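The residues making up each chain are set out below.
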Amino acid sequence: MKIAVLPGDGIGTEIVAEAIRVLDTLDLSFEMESALVGGAAYEAHGHPLPEATLKLAKEADAVLFGAVGDWKYDKLERSLRPEQAILGLRKNLGLFANFRPAICYEQLVGASSLKPELIAGLDILIIRELTGDIYFGQPRGRRTAVDGHFPGAEEAFDTMRYSRPEVERIAHVAFQAARKRSKRVTSVDKANVLETFQFWKDIVTEVGKEYPDVELDHMYVDNAAMQLVKAPKKFDVVVTGNMFGDILSDEAAMLTGSIGMLPSASLNAGNQGLYEPSHGSAPDIAGKGVANPLATILSAAMMLRFSLNQPEAADRIESAVKHVLAQGLRTADIWSAGTTKVGTREMGDAVVAAITKKTITG
Ligand code: NAD
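**Regarding the site of the ligand**
Turning to step 1, where the next piece is worked out: Taken together, 21 residues sit near the ligand, with V68, E83, G280, A282 and D284 positioned nearest.
Turning to step 2, where the next piece is worked out: Between D70 and the ligand, the recorded distance is 3.2 Å, taken from a backbone N or O atom to an oxygen atom.
Turning to step 3, where the next piece is worked out: Within the side chain of S281, one N or O atom sits 3.1 Å away from an oxygen atom of the ligand.
Turning to step 4, where the next piece is worked out: Coverage of the ligand by the protein amounts to 71% of the 810 Å² it exposes when considered alone.

What follows is the structure, encoded as structure tokens:
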């Protein structure tokens, strides 16, 4: 099992270090190799995704990624900005399926801005198509308008497009994921206005016929955005395109209170994956030892489950995280009166202890 470790920038190095300590605690043999990515790679090699880093990622079974970015790179030309490393990895590894679970841990119900009864027990999975849609569609650019409301004016344009195989493969991913859960899929589209999403809806419906045991419904994206804050527990698996998924997955993330708790996985057709916390590099708290490492530790658990075929080890990590929360340990982002505030390292220590003491059986 070969893992490429790409800590990146800001809190990335601090939180990935804790995830590695947790992985080292398991009785499994991994080959782990680290490389620079993002701003750190730009400083050392002049590019956010150097060839050697990309080669390491391609050759690994899985990539454990921290976060990239810092405000100081905002003036660099776009192709050299740290965030380009993530897009480059997605494209080069063909990571088309993004899994973002939004789980509300019992002990953190109070951290959400929604009423406790709306989110207690929340466990939904947003599956976002990651390599198509308007984010990648060509042509795009700026030009002088020849028609529209203001012919002759300067205009900008992007192209929303999906091919049949792109929609079919993400639909299969969603139905298969639903089979392991409560067998319900909601496909989110904008079929009432967009040709691309009528096509999406038709294909998801066709693919759904191959999964008669899974209940499928369709929802327009504007309604889905409302329902996520009105009655989020009605959802189980949500599948949608790249742009709608970008927005809805962040909305779902916030239902649970802290972005510091949320893992994510991006997979290709061969189950090779990139695993990262849903948050960024948090330059405001970098180097202070206060970042929450749990999203990264939970991303490592997803890596064990999806790419490394070690579901029991994944269970052990997830149970250990629940155990430390039950002990009342909290980093600053999830702290509330009556609980014990700890730093990044202490939180990592507590998860390691919960695993090694074998108090956790998974
Ligand atoms: P951010 O997610 O880094 O931070 C938002 C807020 O959440 C900050 O107040 C931060 O302190 C807090 N936060 C984030 N993670 C935390 C954690 N683990 N524990 C405690 N608090 C945490 O988003 P931002 O501030 O908009 O972006 C900062 C940089 O990160 C930018 O350069 C941005 O481009 C980049 N970014 C990278 C990724 C990625 O690497 N996948 C994703 C989003 C943003």
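**Side note on the pairing of strand β4 (residues 97-103)**
Turning to step 1, where the next piece is worked out: The element β4 is extensively covered by neighbouring structure, given that 6 of its 7 residues are classed as buried.
Turning to step 2, where the next piece is worked out: As paired strands, β4 and strand β5 (residues 123-129) are joined by 7 bridges and run antiparallel to one another. Considered in β5, the bridge of R100 is made with I126.
Turning to step 3, where the next piece is worked out: With 3 bridges connecting them, β4 and strand β11 (residues 263-267) associate as antiparallel partners. Residue pairing for β11: N98 is matched across the bridge by S266.

**Digging into the domain arrangement of the protein**
Turning to step 1, where the next piece is worked out: Per the domain assignment, the segments of the protein are domain 1 (1-96 + 268-362) and domain 2 (99-261).
Turning to step 2, where the next piece is worked out: With 17 residues of domain 1 at the contact, the number on the domain 2 side is 17 residues.
Turning to step 3, where the next piece is worked out: Taken together, both faces of the contact between domain 1 and domain 2 bury some 1800 Å²; the carbon and sulfur share is 71%.
Turning to step 4, where the next piece is worked out: Of all residues in domain 1, R90, F96 and S278 bury the most surface against domain 2, accounting for 35% of the area lost on that side.
Turning to step 5, where the next piece is worked out: Counting across the domain 1 and domain 2 interface gives 0 salt bridges.
Turning to step 6, where the next piece is worked out: Taken together, domain 1 and domain 2 are joined by 3 residue pairs in polar contact (both at pLDDT 80 or more).
Turning to step 7, where the next piece is worked out: Where the side of domain 1 that touches domain 2 is concerned, the elements lending two or more residues are α10 (294-306) and α11 (311-326).

**A look at the nonpolar core**
Turning to step 1, where the next piece is worked out: If you look at the biggest cluster of nonpolar residues, it comprises 87 residues, and the most contacted ones within it are L23, L64, F99, I127 and L304.
Turning to step 2, where the next piece is worked out: Summarising the domain contributions, this core has at least three residues from each of domain 1 (1-96 + 268-362) and domain 2 (99-261).
Turning to step 3, where the next piece is worked out: F99 has contacts with L125, I126, I127, V173, A177, P263, S264, A265, L267, M302 and F306, leaving out every residue within four places of it along the chain.
Turning to step 4, where the next piece is worked out: By size, the runner-up hydrophobic cluster in this structure holds 18 residues, among which are L54, A57, V63 and I86.

**Looking at helix α6 (residues 164-179)**
Turning to step 1, where the next piece is worked out: Counted at 1.5 Å a residue, the expected span for α6 with its 16 residues is 22 Å, and the 23 Å between its end C-alpha atoms agrees.
Turning to step 2, where the next piece is worked out: Turning to α6, its buried residues number three or more, namely E166, V167, I170, A171, V173, A174, F175, A177 and A178.

**Overview of the sheet that holds strand β8 (residues 184-189)**
Turning to step 1, where the next piece is worked out: The strand order β2-β1-β3-β12-β11-β4-β5-β10-β8-β9 describes an open sheet built from 10 strands, whose pairing is mixed. Sheet topology places β2 (31-34) and β9 (215-220) at the edges, where each strand pairs with a single neighbour. Averaged over all adjacent pairs, the angle separating strand axes in this sheet is 20°, with direction ignored.
Turning to step 2, where the next piece is worked out: Summarising the sheet, strand β1 (residues 2-8) and strand β3 (residues 62-67) pair through 5 bridges and their orientation is parallel. Among the inter-strand pairings, I3 is bridged to a residue of β3, identified as A62.
Turning to step 3, where the next piece is worked out: Across the sheet, α6 is in contact with β4, β5, β8, β9 and β10 (237-240); its angle to β5 comes to roughly 165°.

**With respect to the pairing of β8**
Turning to step 1, where the next piece is worked out: For β8, the tally of buried residues reaches 5 of 6 residues, placing the bulk of the element in the interior.
Turning to step 2, where the next piece is worked out: Sheet analysis places β8 next to β10, joined by 4 bridges and oriented parallel. Bridge pairing in β10 links V188 to T240.

Parameters at a glance
Residues numbered from 1 in each chain as written. Predicted model: local features only at pLDDT ≥ 70, side-chain atom pairs only at ≥ 80, totals over all residues. Heavy atoms only, no water. Near = heavy atom within 4 Å. Polar contact = N/O pair within 3.5 Å; in protein donor to acceptor, adjacent residues only side chain to side chain. Areas by Shrake-Rupley, 256 points an atom, 1.4 Å probe, with all protein chains shown as cover. Buried < 20%, exposed > 50% of the residue type's maximum accessible area, 1.4 Å probe, protein only. Helix = DSSP H or I, 4+ residues; strand = E, 2+ residues; numbered from the N terminus. Pairing = 2+ DSSP bridges. Domains from an automatic or database assignment. Contact = heavy atoms within 4.5 Å. Buried area = accessible area lost by both parts, 1.4 Å probe. Salt bridge = Lys/Arg side-chain N within 4 Å of Asp/Glu carboxyl O. Core = buried A, V, L, I, M, F, W, Y, C linked by side-chain atoms within 4.5 Å. Expected span 1.5 Å × (residues − 1). Axes fitted to C-alpha atoms, helices over the stretch in contact; angles between N-to-C directions.

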